[in-house]
Amino acid sequence: MAINHLLRSALKSQYGSNIKHAAGARIFYGEPCNLRSSLYSTEASLQKEDSDNGFKGHDMLAPFTAGWQSTDMNPLVIEKSEGCYVYDINGKKYLDALAGLWCTALGGNEPRLVAAATAQLNKLPFYHSFWNRTTKPSLDLAKDLLGTFTASKMGKVFFTNSGSEANDTQVKLVWYYNNALGRPNKKKFIARAKSYHGSTLISASLSGLPALHQKFDLPAPFVLHTDCPHYWRYHLSGETEEEFSTRLAKNLEDLILKEGPETIAAFIAEPVMGAGGVIPPPVTYFDKIQAVVKKYDILFIADEVICAFGRLGTMFGCEKYNMKPDLVSMAKALSSAYMPIGAVMVSPEISDVIYSQSNKLGSFSHGFTYSGHPVSCAVAIEALKLYRERNIVEHVKSISPKFQDGLKAFSDSPIIGEIRGTGMILGTEFTDKKSPNDPFPPEWGIGAYFGEQCAKHGMLVRVAGDNIMMSPPLIISPDEIDELITKYGKALKATEERVKELKSQQKK
């Protein structure tokens, strides 16, 4: 209780009226946290001393937000975006170091995307794609995507409204495919611990984050999870990255044999794991994994929702890691998030089977009212043009060393266990003694404190427990990267001091 009292006093002096943001930083996809932990239980009462911005206790059931946050805290309300920056309703400017939710690749006020949406709204604001009726933007975008993806040959594109819907659709397509081939038992999916594939019933089941399963009766029984490929955290003593990859591939094969290869339909993976902590694959990982799934006639699904359209310095993450998927999911940067849209690409072999089966049944009975929405498709077409015209992939290649090296220069900090990333995506993990086995006490809220210090200096990052994630807009300039690094450094220095203070209090 003495520590709680000290934390309360320190939080009030350090955070002041912005204490609400530290509380919000704690809630994230992957952590089954106790919302009223000793650190965060103090924050609601502290917030009562703050002035109300008029939105406390608002009417929205907010995603990935605890009820007490909505009830007791003022939300951070963003009102305007401009390039790599967003502004709250009080006019405060923030460098958006997460590009919204990994998605506003072209920044916050690209006039050509706004013009594309406006033109389509004026011409045809909506028509569906059921019953062999459709719109030209949806047809044009499907053709464009098939020509853009080169890692393996794709045959058809199915449109959704989000990455979650795309991965839900993947499961239905794979089941439909195996049923058509007379393989009714080949229905199980293998995903990975710490993966994120969405929050709908099926996509949340695929995700390997416990918070998405708790009290939702998930994951569904047909979903299995294999090892998270995080070398720093999970490698054995003396084990090289390649040996680690070999062991994980062997574990995957053992799981397949245990379950029965005839029951395993597909394996799904992000090229770089995003919401699970920004985890790039270890050396030779996907080469070894793909050999295993191919050996047992298991389809390979690439979840490109975060990595696609230049994030890693290649148009798709599959290109960077020599992934040859049978199916691909995408969303987010597909429209630079200006309009909701997702997509699934399937190989010619799979689309041929789907066509044949639908002919027998009379219809392919899957789709959404807004599948291939003409406004969303028009914006996505323009986004793809901008990625090519402005050579976004080459831009990322040229500026990402400054981003990666500039932030990794802080790796010697005594409170940082690992800084990891590639291209324009990066994660920082805070640990004590620089060890994956020595986390800070969760009630200290080290990641939340760092996130609040970033906000104090005008930068928004993703906080996930004691993990910090960053994926700024791909249009970011060298000067803006310098600004990002400077603000990160200021926040880190303050957080180091905070850890010293908490350790000294702990000794008393």
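Every chain is numbered independently, its residues counted from 1 as its sequence is written. It should be noted that, the model being predicted, local features are given only for residues of pLDDT at least 70 and side-chain atom pairs only at 80 or more, the latter also being counted only at that level, while totals for whole chains, interfaces and linings use all residues. Note: side-chain values were computed over all heavy atoms of the structure, leaving out hydrogens and water.

Explain the overall build of the protein chain to me, please; I cannot follow it from the model alone.
Helix and strand content of the protein chain: 18 helices and 15 strands. Exposed residues in this analysis have more than 50% of their type's maximum accessible area, buried residues have under 20%, and partly exposed residues fall in between, with area computed by a 1.4 Å probe over protein chains only. Counting the 508 residues in the protein chain, one finds 58% classified as buried. Summarising the internal contacts of the protein chain: among those between residues at least 6 apart in sequence, 72% fall at separations of at least 24. Total accessible area on the protein chain is roughly 21100 Å²; 54% of this is exposed by carbon and sulfur atoms. The way it works is that DSSP assigns letters per residue, a run of H or I at least four long becomes a helix, a run of E at least two long becomes a strand, and they are numbered from the N terminus. Whether two residues are in contact is decided by their heavy atoms: any pair within 4.5 Å suffices. The protein chains shown are the only cover counted for residues, whose accessible areas, like all others here, come from Shrake-Rupley with a 1.4 Å probe.

What should I look at first to understand the pattern of salt bridges in this one?
Side chains that differ in charge, positive against negative, can pair when their charged atoms come close. For salt bridges, the criterion is a side-chain nitrogen of Lys or Arg within 4 Å of an Asp or Glu carboxyl oxygen. The tally for this structure, following the rule as stated, stands at 21 salt bridges. For R420, the salt bridge identified is with E418, shortest N-O distance 2.7 Å. Pair check on accessibility: R420 and E418 agree, each one buried. In this structure, R420 engages E429 in a salt bridge whose closest nitrogen and oxygen atoms are separated by 2.9 Å.

Looking at this structure, how should I read the confidence of the model for the protein chain?
Any segment with low pLDDT has predicted coordinates that should not be analysed in fine detail. Per-residue confidence for the protein chain gives a mean pLDDT of 91, with 90% of residues at or over 70. Values of pLDDT, ranging from 0 to 100, describe the predictor's confidence in every residue of the model. Scored below 50 in pLDDT, residues 1-50 makes 113 contacts in the model with residues more than four places away or belonging to other chains.

For this particular structure, what's the right way to read the packing of aromatic side chains?
We call Phe, Tyr and Trp rings a pair once their centres come within 6.5 Å, taking the six-membered ring for Trp, and we label the pair stacked below 30 degrees between planes, edge-to-face above 60, and tilted otherwise. Counted according to the given criterion, the structure contains 19 aromatic pairs. Consider the rings of F410 and Y488, whose centres lie 5.2 Å apart with planes at 35°: the pair is tilted. With F410 in the loop between α16 (392-408) and β11 (416-422) and Y488 in helix α18 (residues 478-507), the pair connects residues that are 78 residues apart, well separated along the chain. Classification of Y488 as buried rests on a relative accessible area of 0%. Between the aromatic rings of F440 and W444, the centroid separation amounts to 6.1 Å while the plane-to-plane angle is 25°, which identifies the pairing as stacked. Judged by its relative accessible area of 3%, F440 falls in the buried class. Accessibility expressed as a relative area gives 5% for W444, which makes it buried. Every member of this aromatic cluster is reached through a ring pair, and the members are F267, Y285, F286, F300 and Y321. For K80, the ring lying beneath its charged end belongs to Y87, and the centroid distance is 4.5 Å. Sitting above the plane of the Y85 ring, K93 keeps its charged end 4.2 Å from the centroid. We call a charge positioned over a ring when the NZ of a Lys or the CZ of an Arg lies within 6 Å of the ring centre and within 35 degrees of the ring normal.

Help me out: how do you make sense of the sheet that holds strand β14 (residues 462-464) in this one?
Through backbone hydrogen bonds, the strands of a sheet pair up, either in parallel or in antiparallel fashion. We treat two strands as partners when DSSP finds at least two bridges between them. Read from one edge of the open sheet, four strands run β11-β12-β15-β14, paired in antiparallel fashion. On the outer flanks of this sheet lie β11 and β14, each paired with one strand and no other. Sheet twist, expressed as the average angle between the axes of neighbouring strands with direction ignored, equals 15°. Summarising the sheet, strand β12 (residues 425-430) and strand β15 (residues 467-470) pair through four bridges and their orientation is antiparallel. Throughout, an axis means a line fitted to C-alpha atoms (over the contacting stretch in the case of helices), and angles, computed between N-to-C directions, take values from 0 to 180 degrees.

Please explain the pairing of strand β5 (residues 188-192) as it appears in this structure.
On a regular strand, each side chain points to the face opposite its neighbour's, so the side chains alternate between the two faces of the sheet. Across the five residues of β5, four count as buried, placing the element largely inside the fold. Sheet topology note: the β5/strand β7 (residues 264-269) ladder contains three bridges and is parallel. Along β7, the bridge assignment pairs K188 with I264. The pairing of β5 with strand β6 (residues 223-226) spans four bridges and is classified as parallel. Note that in β6 the partner of R192 across the bridge is T226. A clockwise course of the path from the first strand over the helix to the second, judged with the strands pointing away from the viewer, identifies a crossover as right-handed. For the crossover from β5 across helix α9 (residues 201-206) to β6, the handedness is right-handed.

Explain helix α17 (residues 446-456) to me, please; I cannot follow it from the model alone.
Counting along an α-helix, one turn takes 3.6 residues, and residues three or four places apart therefore face a common direction. Burial analysis of α17 places ten of its eleven residues in the buried class, which makes it a mostly covered element. Of all the residues in α17, the buried ones are I446, G447, A448, Y449, F450, G451, E452, Q453, C454 and A455. In the segment just after α17, G458 is the residue with positive phi, at about 85°.

I keep staring at the packing of α17 against α18 and nothing clicks. Help me out?
Each packed pair of helices is defined by two parameters, the angle between the axes and the distance between the axes. At a minimum axis separation of 8 Å, α17 and α18 run at an interaxial angle of 140°. By the angle between their directions, the pair α17 and α18 is classed as oblique. For the pair α17 and α18, the crossing hand works out as right-handed. Mapping the contact onto sequence places I446, Y449, F450, Q453 and C454 in α17 and Y488, A491, L492, A494, T495, R498, V499 and L502 in α18. Residue composition of the contact of α17 with α18, grouped by class: ten nonpolar, two polar and one charged. The scheme is simple: roughly parallel for angles under 35 degrees, roughly antiparallel for over 145, roughly perpendicular for 65 to 115, oblique for anything else. Here a crossing is called left-handed whenever its near helix is offset anticlockwise from the far helix by less than a right angle, and right-handed whenever the offset is clockwise. Three categories are distinguished: nonpolar for Ala, Val, Leu, Ile, Met, Phe, Trp, Tyr, Cys and Pro, charged for Asp, Glu, Lys and Arg, and polar for the others, with Gly belonging to the last.

Quick question: what am I supposed to make of the side chain of S152 here?
Tracing the sequence through the fold places S152 in the loop between α7 (136-148) and β4 (156-160). Looking at S152, the relative accessible area reads 16%, which means it is buried. Any N or O atom pair separated by 3.5 Å or less is treated as a polar contact, with the protein-specific requirement of one donor-capable and one acceptor-capable atom, and with residues adjacent in sequence counted only for side-chain atom pairs. A polar contact is formed between the side chain of S152 and the backbone oxygen of P325, at a distance of 2.9 Å. The residues contacting S152, other than those within four sequence positions of it, are K324 and P325.

It is not clear to me how the nonpolar core should be interpreted in this structure. Could you clarify?
In these notes, a set of buried Ala, Val, Leu, Ile, Met, Phe, Trp, Tyr and Cys residues joined through side-chain atoms within 4.5 Å is what counts as a nonpolar core. The biggest cluster of nonpolar side chains holds 108 residues, and the ones touching the most others in it are L145, F267, F309, Y387, M470 and L484. It is helix α15 (residues 374-389) that contributes the most residues to this core, nine residues altogether. With sequence-adjacent residues up to four places away left out, F267 is seen in contact with I190, R192, T226, L252, Y285, I289, V293, I298, L299, F300 and I301. Ranked by size, the runner-up nonpolar core spans 25 residues in total, among them A166, A266, L299 and V344.

Could you clarify how one ought to interpret the environment of L248 in this entry?
Looking at the element boundaries, L248 is found in helix α11 (residues 241-259). Residue L248 is classed as buried on the basis of its relative accessible area of 3%. Once the C-alpha coordinates of L248 and K288 are considered, the two residues, 40 residues apart in sequence, prove to be 8.8 Å apart. The residues contacting L248, other than those within four sequence positions of it, are D227, C228, P229, Y285 and I289.

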